[in-house]
Structure formats: C-alpha cells, structure tokens
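Results of the structural survey
Listed below are the residues making up each chain.
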Amino acid sequence: MTRILPVLTILLAILVFWYAAAVWMNAPWQNTLNNRAGLENVPFTSFAQQTWAQDKPVLPAPHQVVGEIWNATMGLEFTSRRSLAYHGWITLSATLMGFAFGTALGVGLAVAIIHNDASDRSLMPWIIASQTIPILAVAPMVVVGLGAVGLTGLVPKALISMYLSFFPVVVGMVKGLRSPENIQLDLMRTYDASSWQVFWKLRWPAAMPFLFASMKVGIAISLIGAVVAELSNAAGGGLGVRLLTGSYNGQTIQIWAALFIAAGLAAVLVAIVGSAERVVNRRMGVRA
Amino acid sequence: MTAVVSAEHLGLTFPTGDGDIVALSDVNLTIEKGDFVSFIGPSGCGKTTFLRTIADLEQPTSGTLTINGMSAEQAREARAYGYVFQAPALYPWRTIEKNVALPLEIMGYSQAQQAERIARTLELVNLSGFEKKYPWQLSGGMQQRASIARALAFDADLLLMDEPFGALDEIVRDHLNSELLKLWDRTQKTICFVTHSIPEAVYLSTKIVVMSPRPGRVTDIIESSLPRERPLDIRETPEFLEIAARVRDGLRAGHSYDGDLV
C-alpha cells in the first residue's frame, strides 16, 4: 500500500492536470462553436464536458484517447487499415528485427574493437560520427534508396532501427568486455588460456550487466527508429503512418492514440529486457 | 635434489616516462623441490615482481631464469605452477566449485576428473559443503582459501603465492598459516610465498629471502633450522626469535644501503 499510494497520487495529479489543460486549450474553439450555435451563458460544468468531447480537439481528453485506443484495437478486425493493433504489429516487427540486427552489430563491433587496437582507432570515430547525423535526414534516403532497388517493407525500417540501436550496444559492450580486472586476466594467463577461452569464460560474463543496460536503451530507440522510418513510406503502414495521417487530417485523437500505443510498446519491450536481465542475474548468482 | 626455480644475475627494468625503474637487479637464487621459500622486504623491493617473473607475467631484461629446467614461458605453457594473488580474484558469477573448476575446464579435464579434483581440493582447504555458494556469500578468509583450492586443483608442483593473507586479520591469518603448513606437508609442493610480515615468513619458511628496494636485490638468504612440524607456539621459542632477528637485521641492512636509515 505504501508503494501503491504515491504512484496513484501522481497518476491522479496527471489526470487532473490533463483534464484541466484540455478545458483550457479547447476552450477557444468551443466558444466559436457555441457562438455559431447561438448558445450563451453555458454553465461551466456543461462547457467543460463540451471541451472534452470535441471531434478534433487541440488536446483530447484522456478518456477520448483511451476510447480511441480501445476502438482501434479491440473494436476493429486486426487486418483493417485503421486498426492500431495492425499498425502496432508492423512497427513492433520492424523494431524487433532492427533491435536484433543492432545488438548483433553492436556486439560484433565491440569484439573487434577490444581485440584489435587498429580497429579501435579506425572504427570508433565512424561509430560516433554515425550518431551525430539526424536520423530524420538519413531515414528517407535509406527507405527511398532501398525502395529504388526493390527492397521495401520490413528490412529498410529494421535497418533504421539498427542504425540507432547498435550505438549504445557498442559503447556499453566495449566498456563491459574491458571490465575484467588485471588480476582476473593475469589468472587466465597463468592457465595459458586461449583468447577464445578468455572471451567466453571471463570477458563475456563480465560484460553482461553492460549488455543489458545497453539493450534497454537500444530497444527503446529501436522503436523510435522504426516509427521515423515509417514516416518515409506511408504505404507501408505502422504507427508512424498513423501519426502522419493523423497530423495531415487534424485527427489529434488518432495521433495521441498512436503515441500512447508506441509509448506502451516501448515500456513493455524495456520491461521484457529487464526481466531477461533478472533471469540472467539469477543464473549468474548476482546478489539480490 | 633438482632445482625447481633457478635465477642467475636476473634483472628487470621498467622503462617509464621519468626514466627507467630498476625492479630487480642481479638476483641469484635456487629453489629446491619441496622448499617453502618466503620473499620478504618493504614495498617496492621487487618481491612481487620476482614472483611474477617466475610466472612469466613479467619478462626479465637480463640474466637467466629457469623453472623445472624450462624457460618461464615454457613453464607457464606447461601449466607448471598455480598462482595465488593478493586478492582472491574469484569470478563472481561462478559458484565456489565452478571457480575451482575454471583451470580444469581450460586445461581440458573430463567432467569426472573435475568433480573428483574439486571435492579433493575443497576438502584440502576445509571448504567442503560450500561448493554451491557464490563468492559473496563467503568471508574474505574463505574466499582466499577457495582461491588456493583453485591453484591446487591441477597438477602443478609449484605454488606461487603473492601476499595471499595480506588483507586478512591477524586471527584468520594465523589460522590460515598453520593450515597452509599442513597443506604443504600433505601435498609435498614447492611454495614461493611473498609477504611483508616477519613472523609469517619465519613461521612458514624453510628458506627466507630478504630483499631491499631501489634497486630490488637480495640482501640475505636464511635457511631455517626450524623443524617441518610447526605448532603455532613455536613462535615463542628462542630459535624462532633468533631467525626473526636475523631477518630484521637483513631488512635494516637493506634500508641503510639507501642512506635513509642510519
């Protein structure tokens, strides 16, 4: 109870603030509507309810967003072009594929970097430079470019996700694979262990905490990568497309619903990585 | 008697930005099979460096060094020694038995041999029953005993120990010292033991090598006349105190060489 109470308090505060903000932000348009309809001296309670029930509000009320999410997931066939579950799945599959690619690439680069001084010096500047380019500029080039050579659908989007998610994995794993102390490495040398054995019996297990920390960041930005990539290919579907069409048509409720689905997906994905981490920690005897 | 370790005119110089640091100079030493040799001296006297040179963790810059008639590198590749570091250096993600199994896995022992050796060496260091515990669940003294078990698990006749009990309190240290003597007696291994404690060196050793800093050199080699069987109260006997006094003299002589102690 002592843990639930603060959480509920904050949640309640956010809802109160949100409803209040909705009244305030939707009021000008509601006044216009009421003036056109010849309504005067609308009591505040009725007026507030009006602002929470507009078709295209500046700020939709929470229950409107929740209703839209419900209708667009449970209320529609999964295959419907308007189903958020369908679009969510498209984004999720690109996210997962990109995350898998990104993690593999990140780990691979980290292994190359720690085993070879030359690759450390030659790769690291490019890896850092890659992240200074705005993804919003790169995504259309990659999606359109690959589309021109006939590669469309999941893979181009997954590549954008990979482009973002490999970076925290490289940085984290270089640090993690270098985390064993000298004394632990010396021990391996006294056994005349091969570098393969040093890697699997020492460096890899020592890097686990770093890997999971990196993957939590990686999977969240992987989702962002997928959404940004979708903006460049409206025909492909996905939450990014719902955001785009929503903003073209002023469908703010649709935008907010898609945003919430994306945020919820990211939270679930990070939580899944977190539980995988706990399973691994338990197997590695980490002090609870 | 065959020499397990033989050093002739051994020198080691570390080049640094501030000029060269002489860690060892003209060290001559022979260690026979079954010896318990202690290296004692103040910090920076090169005792750890000498041990690491035997282990091929440092390369000498002059002189010759042979271990069982081989070069240090060949001896390391032949897994001729077990090394116990100042810290236990247990891998935290492995249980105690898996830590002891580490060298056995690397050296390719079969599962059955591993199980047999784990049981035998843990029994030797009085850690039977702690196989499934993780290092953090054990006290510092127990962790260091586990690291000794790990060094004993494979068939190295030479045990190199670098201040293994330096971080432990006096009571645990006394206990582990007498355990180590029993273990030495039972296993017939050759032990090289680095310490900066005079009583520890005298209590444990058949041979005490006194070293002095800058440059690291051997100032005295004392053959102990104490019997192999050593109860803890041997430390009050006149014979023990006499050897301790000679070690202390050796250390002082090493210091006055620097001119900073008259």
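Not measured: the values here are computed from a predicted model. Throughout this document, residue positions are counted from 1 along each chain, in the order its sequence is written. Both sets of labels track the order of writing: A upward for chains, 1 upward for ligands. With the structure being a predicted model, the display of local features is reserved for residues of pLDDT at least 70 and the display and counting of side-chain atom pairs for 80 or more, all residues being used for whole-chain, interface and lining totals.

With respect to the overall build of chain A
As a reminder, the rule being used: Numbering of helices and strands runs from the N terminus; a helix is a DSSP stretch of H or I covering at least four residues, while a strand is a stretch of E covering at least two. Values of the radius of gyration come from C-alpha atoms, whereas the globule rule sets the reference at 2.2 Å times the count of residues to the power 0.38. Three exposure classes are used, based on other C-beta atoms lying within 10 Å of a residue's own C-beta, which is placed from the backbone: buried for 20 or more, exposed for 12 or fewer, and partly exposed in between. Note on contacts: each residue gets a C-beta atom placed from the backbone, and two residues are in contact if those atoms are within 7 Å.
Scanning chain A from N- to C-terminus turns up eleven helices and zero strands. Starting at the N terminus and walking to the C terminus, you meet the elements of chain A as α-α-α-α-α-α-α-α-α-α-α. Against the globule reference of 19 Å for 288 residues, chain A gives a C-alpha radius of gyration of 25 Å, more extended than a compact globule. By principal-axis analysis of the C-alpha atoms, chain A measures approximately 90 × 55 × 35 Å. The buried share of chain A, reckoned over its 288 residues, is 34%. In chain A, of all internal contacts separated by at least 6 residues, the share reaching a separation of at least 24 is 76%.

Examining the sheet that holds strand β3 (residues 36-40) of chain B
The strands that make up a sheet are held in pairs by hydrogen bonds between backbone atoms, and each pair lies either parallel or antiparallel. All names here are of chain B. Stated precisely, the cut-off is as follows: Any two strands with at least two DSSP bridges between them are considered paired. Interaxial angle, 0 to 180 degrees, is taken between N-to-C directions of lines fitted to C-alpha atoms, where a helix line uses only the stretch in contact.
An order of β5-β6-β7-β3-β8-β9 is seen for the six strands of this open sheet, with the pairing classed as mixed. Among the strands making up the open sheet, the edge pair consists of β5 (81-84) and β9 (217-223). Within this sheet the neighbouring strands show an average axis-to-axis angle of 15°, counted without direction. With four bridges connecting them, β5 and strand β6 (residues 158-162) associate as parallel partners. Across the sheet, the residue bridging to Gly82 is Leu159, located in β6.

A closer look at the sheet that holds strand β1 (residues 3-16) of chain B
All names here are of chain B. With antiparallel pairing, three strands are arranged side by side in an open sheet as β2-β1-β4. Strands at the two margins of the open sheet, each flanked by one partner only, are β2 (19-32) and β4 (62-67). Going across the sheet, the axis of each strand differs from the next one's by a mean of 20°, ignoring polarity. As paired elements, β1 and β2 share ten bridges and run antiparallel to each other. Across the sheet, residue Ala7 finds its bridge partner in β2, namely Leu29. Taken strand by strand, helix α1 (residues 47-54) contacts β1, β2 and β4, and its axis lies near 65° from that of β2.

Considerations on the domain arrangement of chain B
Frequently, the measure chosen for interface size is the accessible area that the parts lose on association. Residues and elements named next belong to chain B. Worth spelling out the cut-off: Note: domain ranges come from an automatic or database domain assignment. Throughout, the ten residues Ala, Val, Leu, Ile, Met, Phe, Trp, Tyr, Cys and Pro are labelled nonpolar, Asp, Glu, Lys and Arg are labelled charged, and all others, Gly among them, are labelled polar.
Domain annotation of chain B identifies domain 1 (3-80 + 158-256) and domain 2 (89-155). Summarising the inter-unit geometry, the C-alpha centres of domain 1 and domain 2 are found 25 Å apart. In terms of residues, the side of domain 1 that touches domain 2 owes the most to one element, helix α6 (residues 170-187), which gives five residues. Class assignment for the residues of the side of domain 1 that touches domain 2 results in eight nonpolar, one polar and two charged.

Here's the deal with the interface of chain B and chain A
Each partner contributes residues to the interface: chain B has 18 residues there, and chain A has 15 residues. Broken down by secondary-structure element, the contributors of at least two residues to the side of chain B that touches chain A are α2 (72-77) and α3 (96-106) of chain B. At three residues, α3(B) tops the list of elements feeding residues into the side of chain B that touches chain A. Classifying every residue of the side of chain B that touches chain A gives 14 nonpolar, one polar and three charged.

A look at the environment of Gly176(A)
All names here are of chain A. Here Gly176 lies in helix α7 (residues 154-177). When the 25 C-beta atoms within 10 Å are taken as the criterion, Gly176 is described as buried. Sequence-wise, Gly176 and Ile253 are 77 residues apart; in three dimensions their C-alpha atoms are separated by 44 Å. Sequence-distant contacts of Gly176, defined by excluding residues within four places in its chain, comprise Ala206, Ala207, Phe210 and Leu211.

Quick word on the domain arrangement of chain A
With domains assigned, chain A is organised as domain 1 (4-58) and domain 2 (84-283). Between domain 1 of chain A and domain 2 of chain A, the C-alpha centre-to-centre distance is 40 Å.

Side note on the packing of helix α6 (residues 135-148) of chain A against α7(A)
Residue and element names in this part refer to chain A. The test is simple: Should the near helix be turned counterclockwise from the far one by less than a right angle, the crossing is left-handed, whereas a clockwise turn marks it as right-handed.
Two elements in contact, α6 and α7, have axes whose closest approach is 9 Å; the angle formed by their N-to-C orientations is 150°. Between α6 and α7 lies a crossing whose hand is right-handed. Contact residues: Ile135, Val138, Ala139, Val142, Val143, Leu146 and Gly147 in α6; Pro156, Leu159, Ile160, Tyr163 and Leu164 in α7. In the contact of α6 with α7, the residues fall into eleven nonpolar, one polar and no charged.

A closer look at the packing of α6(A) against helix α9 (residues 195-231) of chain A
Residues and elements named next belong to chain A. To keep things clear, this is the line we draw: Roughly parallel means an angle under 35 degrees; roughly antiparallel, over 145; roughly perpendicular, 65 to 115; everything else is oblique.
Where α6 meets α9, the closest approach of the two axes is 9 Å, and the angle between their N-to-C directions is 60°. Here α9 runs oblique to α6, going by the angle between their axes. Note that α6 runs across α9; the crossing there is right-handed. On α9, the residues that touch Ile135, Leu136, Ala139 and Val143 of α6 are Gly225, Val228 and Ala229. A per-class count over the contact of α6 with α9 returns six nonpolar, one polar and no charged.

Looking at unusual backbone geometry
Residues and elements named next belong to chain B. Even without being glycine, His9 reaches a positive phi, approximately 50°. Its place among the elements puts His9 in strand β1. According to the C-beta neighbour criterion, His9 is partly exposed, with 13 such atoms within 10 Å. Positive phi is not limited to glycine here, since Arg79 has a value of about 50°. Inspection of the secondary structure puts Arg79 in the loop between α2 and β5.

Quick look at helix α11 (residues 252-283) of chain A
Residue and element names in this part refer to chain A. Rules: By definition here, a helix of n residues has an expected span of 1.5 Å times n minus one.
Across its 32 residues, α11 extends 47 Å between first and last C-alpha, which sits within 8% of the 46 Å expected from 1.5 Å per residue. Every buried residue belonging to α11 is among Thr252, Ile253, Gln254, Ile255, Trp256, Ala257, Ala258, Ile261, Ala262, Leu265 and Leu269, and all of these are buried. Contacts from the buried residues of α11 go to α3 (62-73), α4 (84-115), α9 and α10 (239-248). Phi for Gly285, located one or two positions after α11, is positive at around 70°.

Considerations on the pairing of β9(B)
Residue and element names in this part refer to chain B. Bridge count between strand β8 (residues 207-212) and β9: six bridges; the pairing is antiparallel. Each residue of the ladder has a partner; that of Val210, found in β9, is Asp220. Linking β8 back to β9 in an antiparallel pair, the connection comprises four residues, with Arg214 at a positive phi of about 40°.

Remarks on the pairing of β3(B)
Residues and elements named next belong to chain B. By the criterion of burial, β3 is predominantly enclosed, with five of the five residues buried. Neither face of β3 is exposed, since Phe36, Ser38 and Ile40 on one face and Val37 and Phe39 on the opposite face are all buried. With five bridges joining them, β3 and strand β7 (residues 190-195) adopt parallel strand pairing. Bridge pairing in β7 links Phe36 to Ile191. Here β3 pairs with β8 via four bridges, running parallel. When the bridges of β8 are listed, Ile40 appears paired with Val210.

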